[in-house]
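Secondary and tertiary structure notes
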Amino acid sequence: VTVGQGGIECMNRSARRMFGGDLADFQHFPLCCVATSDPQHPFRQVEARLASPDLPTEAAAGSFECRVQARDGRAFWVVGNVVPTGDAEQPQLTYALLDIDRRRRAEARSAQAQASLQRVIDLAPLAIALFDAASGELRQANPQVAAAAGLPGEMLVGRRPEELPLPIGGDVIRADLQAALDAGRGGDVTLREYRFEHEGRPLVWEARYLPLGQPGEVPDEVLLVAVDVTEQRAAQAARLEAAIAQREMLVK
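Residues numbered from 1 in each chain as written. Predicted model: local features only at pLDDT ≥ 70, side-chain atom pairs only at ≥ 80, totals over all residues. Heavy atoms only, no water.

1. Side note on the overall build of the chain
Assigned secondary structure in the chain consists of nine helices and ten strands. Principal axes of the C-alpha set define a box for the chain whose edges measure 110 × 35 × 35 Å. Each of the 252 residues in the chain was classed as buried or not, and the buried ones make up 34%. Contacts in the chain between residues at least 24 apart in sequence constitute 38% of all its contacts with a sequence separation of at least 6. For the chain, the exposed surface amounts to about 15300 Å²; the carbon and sulfur share of it is 53%. Charge centroids of the chain, computed over 27 positive and 35 negative side chains, lie 6 Å from each other. (Helix = DSSP H or I, 4+ residues; strand = E, 2+ residues; numbered from the N terminus. Buried < 20%, exposed > 50% of the residue type's maximum accessible area, 1.4 Å probe, protein only. Contact = heavy atoms within 4.5 Å. Areas by Shrake-Rupley, 256 points an atom, 1.4 Å probe, with all protein chains shown as cover. Lys, Arg positive; Asp, Glu negative; His and termini not counted. Charge placed at Lys NZ, Arg CZ, Asp CG, Glu CD.)

Now the structure itself:
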C-alpha cells in the first residue's frame, strides 16, 4: 500500500483483498481507515512520518505488528514494514503487509495447551524433571522434584545432576541419563528403581527416562518421570511374606 499526503494512492491485489475492497473504496482515504481504535496504531503515524521526508531511509523505515479492521468487518493481525518511497516534494510511504492472523491464533492455542500441560505437570502426583541431553543440566522441575530437593524449582534449574540436592545420588542420575541416551534413541523408555530415605522415611521411586527429540535426530532432552511406589512395594512384600508363611504352614 502506497500512501501520500492525500491518503492512499496505490494498492496491489493482495492489499485490496486484505482490506476487503477495491482501490476506489480506499483512494484518498487515510491509512488509519483500516486501523483499530488503538491510539498508538502504526497506521495513525502516517502523517508524522510524511512530515519528515528529509529523514534518512534507515531512520524513516520501520517494522511493526498490529491488527487491521477490514471494510468487510474482518479484524486480523498483520506484520509489516514501511519505507519512504517519495521525495521531498511528494513524500510517500509504502507499506508491505503480511496477514499473520492464522499464525497468531495457532500461537494462542499453543500457549493455552502449554499452560494446560504445565498445570497437569505441576499437579500430577509424579516427580517430573527435564534435562538437557548434552550437558545434563536441569531445564524444568515440577513441585514434587522441588519438594524432594528441599529448594524452590527455580533454584534447581541450570544445575547439573551432581549439583542437585536430591536424596538420589547425582552420579546415579547422571549415569542413568547416559544409559537412557545410549539405549533410547529409538524412543525406548529406560526403567530404574530408587530406594532412599527422605526426612527419615524409607521411600521407593520407580523412574522412567525418555529421550526427546525429532525423529531420526540425536535427542536434545531427557524426560524423567518418577512415581512413589513405596506403598505398592510394601503391599507386595506383605503379600509375599503371607504367601511364604502360608506355604510353610501347609508344609508343616
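Next comes the rest of the account.
2. Topic: unusual backbone geometry
Positive phi values are uncommon outside glycine, yet His28 reaches one of about 75°. The residue His28 is located in the loop between helix H2 (23-26) and helix H3 (46-50) in this model. On the basis of relative accessibility, which here comes to 59%, the residue His28 falls in the exposed class. Notably, Glu199 is not glycine yet its phi reads approximately 55°, a positive angle. Looking at the element boundaries, Glu199 is found in the loop between strand E8 (190-198) and strand E9 (201-212). Assessed through its relative accessible area of 72%, Glu199 is described here as exposed.

3. Topic: the sheet that holds strand E1 (residues 2-4)
Here we have five strands laid out as an open sheet, ordered E2-E1-E5-E4-E3, and antiparallel in their pairing. The strands lining the two open edges of the sheet, one partner per strand, are strand E2 (7-10) and strand E3 (62-69). When strand polarity is set aside, the average angle formed by the axes of neighbouring strands in this sheet is 35°. Here three bridges tie E1 to E2, and the two strands are oriented antiparallel to one another. Across the sheet, Gly4 pairs through a bridge with Gly7, a residue of E2. (Pairing = 2+ DSSP bridges. Axes fitted to C-alpha atoms, helices over the stretch in contact; angles between N-to-C directions.)

4. Here's the deal with the pairing of E8
With nine bridges joining them, E8 and E9 adopt antiparallel strand pairing. By the bridge assignment, Leu191 is partnered in E9 with Arg208. Between E8 and E9, which pair antiparallel and follow one another directly, the connecting turn spans two residues, one of which, Glu199, has a positive phi of 55°.

5. Looking at the confidence of the model for the chain
Residues shown with low pLDDT carry predicted positions that ought not to be read at fine detail. Averaged over every residue, the pLDDT of the chain is 88; the share at 70 or more is 94%. Taken as a whole, residues 56-60 scores under 50 in pLDDT and shows five contacts with residues more than four places along the chain or in a different chain. (pLDDT = per-residue confidence, 0-100.)

6. Quick word on the side chain of Asp132
Within the fold, Asp132 resides in strand E6 (residues 127-132). At a separation of 3.1 Å, a polar atom in the side chain of Asp132 contacts the main-chain amide nitrogen of Ala134. Apart from residues no more than four positions distant in its own chain, Asp132 is found in contact with Glu137, Arg139 and Asp220. (Polar contact = N/O pair within 3.5 Å; in protein donor to acceptor, adjacent residues only side chain to side chain.)

7. A word on the pattern of salt bridges
Applying the stated criterion to the full structure yields 14 salt bridges. Notably, a salt bridge pairs Asp101 with Arg105, separated by 2.4 Å at the nearest N-O pair. Of the two residues, Asp101 and Arg105 both sit in helix H5 (residues 101-123), four residues apart, roughly one turn of that helix. You can call Asp101 buried: its relative accessible area is 13%. Overall, Arg105 belongs to the partly exposed group, its relative accessible area being 43%. Among the ionic pairs, Glu206 bridges to Arg233, the shortest N-O distance being 3.0 Å. (Salt bridge = Lys/Arg side-chain N within 4 Å of Asp/Glu carboxyl O.)

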